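Listed below are the residues making up each chain.
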Amino acid sequence: MSLDKATVRRIATLARIEVPEADLEPLAGELSGILGWIEQLQEVDTSAVAPMTGGTDVKLPWRADVANDGGMAEAVTANAPDAQGAFFTVPKVVE
Amino acid sequence: MTLTSLTIAEARDQLRAKKISAVELTEAHLAEMTKQKALNAFVTETPDIARARAKEADAALAKGDAPALTGIPLGIKDLFCTEGVLTTASSHILDGFKPRYESTVTAKLKAAGSVMLGKLNLDEFAMGSSTTTSYYGPTINPWKAKGSGADLVPGGSSGGSAAAVAGGLAMGATGTDTGGSIRQPAAFAGIVGVKPTYGRCSRWGVVAFASSLDQPGPMTRTVRDSAIMLQAMCGHDPKDSTSSKLAVPDFEKALSRGVKGLKIGIPKEYRPDGLNAEVAALWDQGIAWLKDAGATPVDVSLPHTKYALPTYYIVAPAEASSNLARYDGVRFGLRVAGQSLDEMYSKTRAAGFGPEVRRRILIGTYVLSAGYYDAYYLKAQKVRALIARDFEQAFTQCDALLTPTAPTPAFAIGAKFDDPVAMYLNDVFTVPASLAGIPGSSVPAGLTSTGLPLGLQVLTKRWDEETMFAVSQTLEDAAAFKRLV
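These notes cover the structure that comes with them.

With respect to the layout of surface pockets
Residues and elements named next belong to chain B.
Next, step 1: The calculated volume of the largest pocket comes to roughly 760 Å³.
Next, step 2: Of the residues assigned to the lining of the largest pocket, the class counts are 15 nonpolar, four polar and eight charged.
Next, step 3: What the second largest pocket holds in volume is close to 370 Å³.
Next, step 4: Around the second largest pocket sit 16 residues that line it, and Glu-269, Pro-272, Leu-425, Val-428 and Phe-429 are the ones nearest its centre.
Next, step 5: Within the lining of the second largest pocket, the residues separate by chemical class into nine nonpolar, four polar and three charged.

Observations concerning the nonpolar core
As a rule of thumb, nonpolar side chains are buried together in soluble globular proteins.
Next, step 1: Of all hydrophobic cores here, the largest spans 175 residues; its most connected members are Leu69(B), Phe125(B), Phe391(B) and Leu402(B).
Next, step 2: Not counting chain neighbours up to four residues away, the residues in contact with Phe125(B) comprise Leu79(B), Ala89(B), Ser91(B), Ile93(B), Leu94(B), Val207(B), Phe209(B), Leu324(B), Tyr327(B), Phe353(B) and Val357(B).

Section: the interface of chain B and chain A
Next, step 1: The partner chain A presents 53 residues to the 66 residues of chain B that form the contact.
Next, step 2: Counting the surface lost from both chain B and chain A, the interface buries some 5,200 Å², and carbon and sulfur atoms represent 67% of this.
Next, step 3: Across the contact surface, chain B and chain A share 18 residue pairs in polar contact (both at pLDDT 80 or more).
Next, step 4: Among the secondary structure elements, those contributing two or more residues to the side of chain B that touches chain A are helix 10 (308-323), helix 11 (341-352), helix 12 (355-368), helix 13 (374-394), helix 14 (420-424) and helix 15 (431-436) of chain B.

Describing the pattern of salt bridges
Next, step 1: If you walk through the whole model with that rule in mind, you get 25 salt bridges over all chains.
Next, step 2: A salt bridge links Glu30(A) to Arg359(B), with the nearest nitrogen and oxygen atoms 2.6 Å apart. In this pair, Glu30(A) is assigned in helix 2 (residues 21-38) and Arg359(B) in helix 12, connecting two distinct chains.
Next, step 3: In this structure, the salt-bridge partner of Arg257(B) is Glu466(B), at a minimum N-O distance of 3.0 Å. Here Arg257(B), found in the loop between helix 8 (251-254) and strand 7 (263-267), pairs with Glu466(B), found in helix 16 (residues 465-479); they are 209 residues apart in sequence, far enough to count as distant.
Next, step 4: For Arg257(B), a relative accessible area of 48% puts it in the partly exposed group.
Next, step 5: Connected through salt bridges with shared partners, the residues Glu30(A), Glu356(B), Arg359(B) and Arg360(B) form a single ionic network.

Some words on a nonpolar patch on the surface
Next, step 1: Taken together, the side chains of Met72(A), Val76(A) and Phe88(A) define a hydrophobic patch exposed on the protein surface, amounting to about 250 Å² of accessible area.
Next, step 2: For Phe88(A), the position within the fold is in the segment after helix 3 (73-77).

A look at the sheet that holds strand 4 (residues 172-177) of chain B
Residues and elements named next belong to chain B.
Next, step 1: Judged by pairing direction, the sheet is mixed, and its eleven strands sit side by side in the order 1-3-2-4-6-5-10-11-9-7-8 without closing on themselves. The open sheet has two edge strands with one neighbour each: strand 1 (42-45) and strand 8 (296-300). The sheet shows a mean angle of 30 degrees between the axes of neighbouring strands, taken without regard to direction.
Next, step 2: Examined bridge by bridge, strand 2 (residues 73-77) and strand 3 (residues 115-120) share five bridges and lie parallel to one another. Residue pairing in the sheet places Gly-75 in a bridge with Gly-118 of strand 3.
Next, step 3: Running at roughly 160 degrees to strand 3, helix 3 (residues 47-63) makes contact with strand 1 and strand 3 of the sheet.
Next, step 4: Contacting strand 2, strand 4, strand 5 (192-195), strand 6 (215-220) and strand 10 (440-447), helix 7 (residues 223-233) crosses the sheet at an angle of about 145 degrees to strand 6.

Cut-offs and rules
Residues numbered from 1 in each chain as written. Chains lettered and ligands numbered in written order. Predicted model: local features only at pLDDT ≥ 70, side-chain atom pairs only at ≥ 80, totals over all residues. Heavy atoms only, no water. 1 Å grid on protein atoms, 1.4 Å probe; cavity = no way out; pocket = protein on both sides within 12 Å on 5 of 7 lines; lining within 4 Å. Points joined across faces, edges and corners; volume = space filled by probe spheres on them. Nonpolar A, V, L, I, M, F, W, Y, C, P; charged D, E, K, R; others polar. Core = buried A, V, L, I, M, F, W, Y, C linked by side-chain atoms within 4.5 Å. Buried < 20%, exposed > 50% of the residue type's maximum accessible area, 1.4 Å probe, protein only. Contact = heavy atoms within 4.5 Å. Buried area = accessible area lost by both parts, 1.4 Å probe. Polar contact = N/O pair within 3.5 Å; in protein donor to acceptor, adjacent residues only side chain to side chain. Helix = DSSP H or I, 4+ residues; strand = E, 2+ residues; numbered from the N terminus. Salt bridge = Lys/Arg side-chain N within 4 Å of Asp/Glu carboxyl O. Patch = residues over 30% accessible without salt bridge, like charges linked within 9 Å, V, L, I, M, F, W, Y side chains within 5 Å. Areas by Shrake-Rupley, 256 points an atom, 1.4 Å probe, with all protein chains shown as cover. Pairing = 2+ DSSP bridges. Axes fitted to C-alpha atoms, helices over the stretch in contact; angles between N-to-C directions.

And the structure:
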């Protein structure tokens, strides 16, 4: 699998990382190298195998769907780069 | 014997016997940190916290009410959230982040009486095998090759932890292991590193890299110290849904079990053509030591071993791309202004992430994107199941596996940068166990002809850290490895 510049640009947009035009070509090369190496997995027969979706054999616990936490807006926003009062701020999204 | 060369077990006994005080033990380590600042092991030093906790420890010791780690100075990998103390994951994007909460593991270590010396350097977001991708610069391995002054990497990602413990800056340190990030640096720095079973230690409050693989563990100078430290770190935590409710065994007690009657599996796939001759020779020596101690080596096969690394490099980046989506310039850390919300996100993340993290987020985004999910991510999850099954089958024939920890000794800072895949190969022997979720240790077992440490890896089945500790202790006893301190 070889990625072109346009694909790298598209992935970068999906990942919300601005990639300078000059970096696209070298990145395409690096990512293609990694994907080419990963390609060997296709030779493994997995037709009768269930995917392993986590790291544990422990059954995940259930709990009642109730709020058991909250009321700490000050602590939650304390590390925000531009908190105002109990609110996070973002650039204006509605005109 | 200086205060900074004591083991945790020795210091514990001397503190309890009032032969030394926690304050003097802590001061000795703070002085050593200043003396060896050039190693760049710490991102943040916390001498005020250390001194305050040391005083509390002495008070507790005076009262005779001292839990296991009372007064023991430890370093904390800067991936663990520590309340009110800068937590960076060695990334620019977490600039200024001071968590308002304490990770479960560090809270347990605190409750056990330990003294936090500071936060230790790592590869950015734990992505790397050399501690060179840190925003705060590389950490230097205290070991040097014979007749050479060249700076070597301490391995990674827990390289700050490895350097601090090997160099006598801390008696022990926390690490985290996603694909080898405790075991490989332990091998490179000539110390012991233990990755317990996935689910043994809570991940709550540990900056997430790949959630189905991440697991905290101890890094120390002896096997006994790792047993003592792990005992304090693990146990059920309702805040981590993958945290096990199983009772935690007495790890220190397991050390004296020995290996008599145990079957030790030697996986043939870990001896590829061209394996470093000194690494292969040490492995053979390790087999002989265990045999001398009464164990029986048996040949086993883990047929899907060669697919572990490519599987890992789908699963880990996929999970990372999702976990790292939270760094958006809104809730914590760095923000770079933009005209629109998307532009602010994109500029913040471009400025905040280093090249290796960016590379992995992009790979992860790609393998999860529409049209590729089945071909990459689902395929990798299925191969992961086969890798786990390989181990299950091997453990029907043996009690533990013995392998080298890493394919090479520590390399020079700046090496292996051109090809990301070449760097990934460092973890070829550690990644399979991570994917399977089984416990593993690295024990320093010998030196290369150039005088650099090499480690042997012990793997056991899920939840059987006791056998892992028993085998590790036997190796340590036989190897009589000469530590730096």
